[in-house]
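# Structural overview
Residue strings, one per chain:
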Amino acid sequence: MFDKIITISVNPALDVTLWTETMDFSEPNKTTREEIYAAGKSINVSRVLASLQTPSVSLGICGDDNSRLFTSLLQKDGVHYDFLTIPGCIRENLTLIIPDGRVLKINRAGFPVPADAMKQLKIRIEKEMDGCGNVLLVFAGSLPPNITPEAYKSYILSFRRKGVALALDTAVFKMQDIEELQPFIIKPNLVEFRQMCGSDLRTEQSIIKLCRTLSSYVDHVLVSLGSKGLIYVTKDCGYRLSTLSVSVKSTIGAGDTTLAGFIHSLQQGNSPQEAITYAVAAGSASVMLDGTDIVTPKQVEEQIPNVAVKSIR
Ligand SMILES: Nc1ncnc2c1ncn2[C@@H]1O[C@H](COP(=O)(O)OP(=O)(O)OP(=O)(O)O)[C@@H](O)[C@H]1O
Ligand SMILES: [Mg+2]
């Protein structure tokens, strides 16, 4: 399907996950376990694709203060990368897993990225695309604090105008932006979809209706609904997918895993229905793992029989 998949990270992160046995507000709490992952949504997509043996390249911008740790984590996960390193420090997102199993997540803002670095990144992306036929660019995750949604849209549009396919999983765009960008895939969760549409979408019917509107300019509309599964709509078909309940360890990165699972399955030549089933199985397998641990092909395949698919057209 695609000759090359490139994931773009303009605000990558290190996900620091800490487990404690106490939650004491007067004394220091000791950690019982600590994990650190290379993160940011596009990075997670590349990490999952690597585990599923679908090649991708992860490009982006990172701060040089802690870039060695970051790239060593990418290497450990088998991710091919080429990051532009500029002065600054890659943000640390903190995940605290407290004794009752609840999770507190704090995402830092990241550091401002100069316009010149964005231009240099563009040159690297174009070089990576050079000579390739069909390219999928995955733009996922948050923006550095100084980059506006408008500037980001123009940046992405400059690639779209060259006929490149886009997968978008970012909370920054509204409906009219999506209409301009005409992406191949969007994968908002319900909160992001509500923000995108500027509507509170109380019923599934209202979500499906908006997905249908979007499907006139987005090839694959995936709206993930957390434990309730997913709504999938194209201009030709629509499915409501759900799974058996599983024992949940961490939902962080479940959506990124869903997106990567979908891309992987399409890349294998599977039909949209097979690809979306695989995507939901991947999301389900992902929540059964700690932190942002990455699913294996076997873990995803084990979940496929538990996915229920109902046509909504
Ligand atoms: N609590 C849960 N129980 C079972 N499956 C879940 C649960 N939460 C998420 N999933 C699975 O993962 C998929 C994606 O989840 P969700 O809608 O939470 O994505 P998200 O908010 O985009 O996640 P993130 O951005 O952290 O990667 C769901 O469609 C579902 O298949
Ligand atoms: Mg998400």
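What counts and how
Residues numbered from 1 in each chain as written. Chains lettered and ligands numbered in written order. Predicted model: local features only at pLDDT ≥ 70, side-chain atom pairs only at ≥ 80, totals over all residues. Heavy atoms only, no water. Helix = DSSP H or I, 4+ residues; strand = E, 2+ residues; numbered from the N terminus. Buried < 20%, exposed > 50% of the residue type's maximum accessible area, 1.4 Å probe, protein only. Contact = heavy atoms within 4.5 Å. Pairing = 2+ DSSP bridges. Axes fitted to C-alpha atoms, helices over the stretch in contact; angles between N-to-C directions. Parallel < 35°, antiparallel > 145°, perpendicular 65-115°, else oblique. Left-handed = near helix turned anticlockwise from the far one by under 90°. Nonpolar A, V, L, I, M, F, W, Y, C, P; charged D, E, K, R; others polar. UniProt positions renumbered as here; feature names shortened; annotations may be inferred. Core = buried A, V, L, I, M, F, W, Y, C linked by side-chain atoms within 4.5 Å. Salt bridge = Lys/Arg side-chain N within 4 Å of Asp/Glu carboxyl O. Near = heavy atom within 4 Å. Polar contact = N/O pair within 3.5 Å; in protein donor to acceptor, adjacent residues only side chain to side chain. Areas by Shrake-Rupley, 256 points an atom, 1.4 Å probe, with all protein chains shown as cover.

### Let's talk about the side chain of Thr292
- Secondary-structure assignment places Thr292 in the loop between α9 (272-287) and α10 (297-303).
- What makes Thr292 buried here is its relative accessible area of 4%.
- Excluding its chain neighbours within four sequence positions, the residues that come into contact with Thr292 are Asp15, Tyr37, Arg47, Ile252 and Gly253.

### Some thoughts on the sheet that holds strand β8 (residues 135-140)
- Judged by pairing direction, the sheet is mixed, and its ten strands sit side by side in the order β5-β4-β1-β8-β9-β10-β11-β12-β13-β14 without closing on themselves. Of all strands in the sheet, those bounded by a partner on one side alone are β5 (80-86) and β14 (307-311).
- Sheet topology places strand β1 (residues 4-9) next to strand β4 (residues 57-63); four bridges connect them, and they run parallel. Its bridge partner lying in β4, Thr7 is registered against Ser58.
- Across the sheet, helix α7 (residues 204-214) touches β10 (185-186), β11 (220-224), β12 (230-233) and β13 (238-243), and the angle it forms with β12 is around 35°.

### Regarding the packing of helix α1 (residues 41-51) against helix α8 (residues 254-267)
- For the pair α1 and α8, the least separation of the axes is 8 Å and the interaxial angle reads 50°. Between α1 and α8, the angle falls in the class oblique. The crossing of α1 and α8 is right-handed. Mapping the contact onto sequence places Lys41, Asn44, Val45, Val48 and Leu49 in α1 and Asp256, Thr257, Leu259, Ala260, Ile263 and His264 in α8.
- Classifying every residue of the contact of α1 with α8 by side-chain character gives six nonpolar, three polar and two charged.

### Side note on the UniProt feature "domain: Carbohydrate kinase PfkB" (unreviewed entry) in the protein chain
- With numbering aligned to this structure, UniProt lists the feature "domain: Carbohydrate kinase PfkB" (unreviewed entry) at residues 20-297.
- Here residues 20-297 is 38% helix and 23% strand, with 31 Å between the C-alpha atoms at its ends.

### Overview of the nonpolar core
- Counting 51 residues, the largest nonpolar core has Leu137 and Phe193 as the members making the most contacts within it.
- Contact partners of Leu137, with chain neighbours within four places excluded, come to Ile6, Ile8, Ile125, Met129, Phe159, Val164, Ala165, Leu166 and Ala167.
- Counting 36 residues, the second-largest nonpolar core is a separate cluster that includes Val45, Phe262, Leu266 and Val307.

### Regarding the pattern of salt bridges
- Throughout the structure, instances matching the rule amount to 16 salt bridges.
- Lys4 serves as the salt-bridge partner of Glu128, at 2.7 Å between the closest nitrogen and oxygen. Note that Glu128 is positioned in helix α3 (residues 115-129) and Lys4 in strand β1, a separation of 124 residues in sequence.
- Salt-bridge contacts for Glu126 lead to Lys162; the nearest nitrogen and oxygen are separated by 2.7 Å. Of this pair, Glu126 sits in helix α3 while Lys162 is found in the loop between α4 (149-160) and β9 (165-169), placing the two residues 36 residues apart along the sequence.

### A short note on the site of ligand 1
- The environment of ligand 1 is made up of 19 residues, and the closest members are Lys41, Asn189, Ser224, Gly229 and Gly255.
- At 2.7 Å, a side-chain N or O of Ser224 approaches an oxygen atom of ligand 1.
- Gly226 places a polar main-chain atom, nitrogen or oxygen, 2.9 Å from an oxygen atom of ligand 1.
- In isolation ligand 1 exposes 630 Å². Once the protein is present, 86% of that is buried.
- Listed by contribution, the elements that provide at least two residues to the shell around ligand 1 are α8 and α9.
- The element best represented in the shell around ligand 1 is α8, accounting for four residues.
- Of the residues belonging to the shell around ligand 1, the class tally is six nonpolar, ten polar and three charged.

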